[in-house]
Amino acid sequence: MAKSLLIISRQSPWSGPGAREALDIVLAGGAFDLPIGLLFLDDGVFQLAAKQDARALQQKDLSANLQALPMFGVEELFVCADSVAERGLDPGALSLAEARVLAADEITALIDRYDQVITL
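This one's a predicted model, so the numbers in the text were calculated from it and none came from an experiment.

**Student:** For this particular structure, what's the right way to read the environment of Glu75?
**Tutor:** The residue Glu75 is located in the loop between helix H2 (63–68) and strand S3 (76–80) in this model. The class of Glu75 is exposed, set by a relative accessible area of 62%. With 31 residues separating them along the chain, Glu75 and Glu106 place their C-alpha atoms 17 Å apart.

Encoded structure:
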């Protein structure tokens, strides 16, 4: 049986390659039927903010990759409630409506549930 993998994405979409790399790992894992989950934590929650304009920064938009996650079999999507609140985002307006919003104690239990964890 394949080991489960949790990717924790902590970078905003435009602060460097971390956000894109996290999504690439998750999409690749999903394509190979790896039991995989994705947690948006800290500034990583900005990836889910609506109406971002990547062109203003001359970068590629990550929203298409985010919307492709279910098509790759990635259904374990999570968002840190504290990170969303600290950054003034509305949990109901996040671009991944299917992502579960978790409290801090639930995140600890989530991490314990996976065999391997990668933080980007």
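**Student:** Hey, could you run me through unusual backbone geometry in this one?
**Tutor:** Trans is the prevailing form of peptide bonds, just as negative phi is the prevailing case for residues other than glycine. Non-glycine residue Asp33 carries a positive phi angle of around 55 degrees. Mapped onto the elements, Asp33 comes out in the loop between helix H1 (18–31) and strand S2 (36–40). Here Asp33 falls in the exposed class, since its relative accessible area comes to 68%.

**Student:** Just to check I follow, could you spell out the side chain of Ser4 for this structure?
**Tutor:** Among the secondary structure elements, Ser4 is positioned in the segment before strand S1 (5–9). Overall, Ser4 belongs to the buried group, its relative accessible area being 12%. Setting aside anything within four residues of it in sequence, one finds Ser4 in contact with Pro35, Arg113, Tyr114, Asp115 and Gln116.

**Student:** In this structure, what is going on with the nonpolar core? I would like to understand it.
**Tutor:** Nonpolar side chains in soluble globular proteins generally cluster together in the buried interior. Counting 23 residues, the largest nonpolar core has Leu38, Phe40, Leu69, Val79 and Leu96 as its most contacted members. Elements represented by at least two residues in this core include exactly S1, H1, S2, H2 and S3. The element that contributes the greatest number of residues to this core is H1, accounting for five residues. The residues touching Phe40, leaving out its near neighbours within four places in the chain, are Ser9, Val45, Gln47, Leu48, Leu66, Phe78, Val79, Cys80 and Leu96.

**Student:** Looking at this structure, I do not really get the pattern of salt bridges. What am I missing?
**Tutor:** Two side chains that carry opposite charge are able to pair once their charged atoms sit near each other. Counted according to the given criterion, the structure contains four salt bridges. Note that Arg10 and Asp42 form a salt bridge whose closest N and O atoms lie 2.2 Å from each other. Of this pair, Arg10 sits in the loop between S1 and H1 while Asp42 sits in the loop between S2 and H2, placing them 32 residues apart in sequence. Residue Asp43 is joined to Arg87 by a salt bridge in which the shortest nitrogen-to-oxygen separation is 2.7 Å. Within this pair, whereas Asp43 is found in the loop between S2 and H2, its partner Arg87 is found in the loop between helix H3 (81–86) and strand S4 (100–102), the two being separated by 44 residues in sequence. Residue classification places Asp43 among the partly exposed positions, given a relative accessible area of 33%. Salt bridges sharing partners connect three or more residues here, namely Asp43, Glu86 and Arg87.

The rules behind these values
Throughout this document, residue positions are counted from 1 along each chain, in the order its sequence is written. Given that this is a predicted model, residues contribute local features only at a pLDDT of at least 70 and side-chain atom pairs are listed and counted only at 80 or more, while totals for whole chains, interfaces and linings are drawn from all residues. Hydrogens and water are ignored here; the side-chain numbers use all heavy atoms of the structure. Secondary structure elements are defined from DSSP: runs of H or I of at least 4 residues count as helices, runs of E of at least 2 residues count as strands, and each element is numbered from the N terminus. With a 1.4 Å probe rolled over the protein chains alone, any residue whose accessible area is under 20% of its type maximum counts as buried; one over 50% counts as exposed, and the rest are partly exposed. Note on definitions: a residue-residue contact is assigned when non-hydrogen atoms from the two residues lie within 4.5 Å. To define a nonpolar core, start from buried Ala, Val, Leu, Ile, Met, Phe, Trp, Tyr and Cys residues and group those joined through side-chain atoms within 4.5 Å. Salt bridges are defined by distance alone: a side-chain nitrogen of Lys or Arg within 4 Å of a carboxyl oxygen of Asp or Glu.

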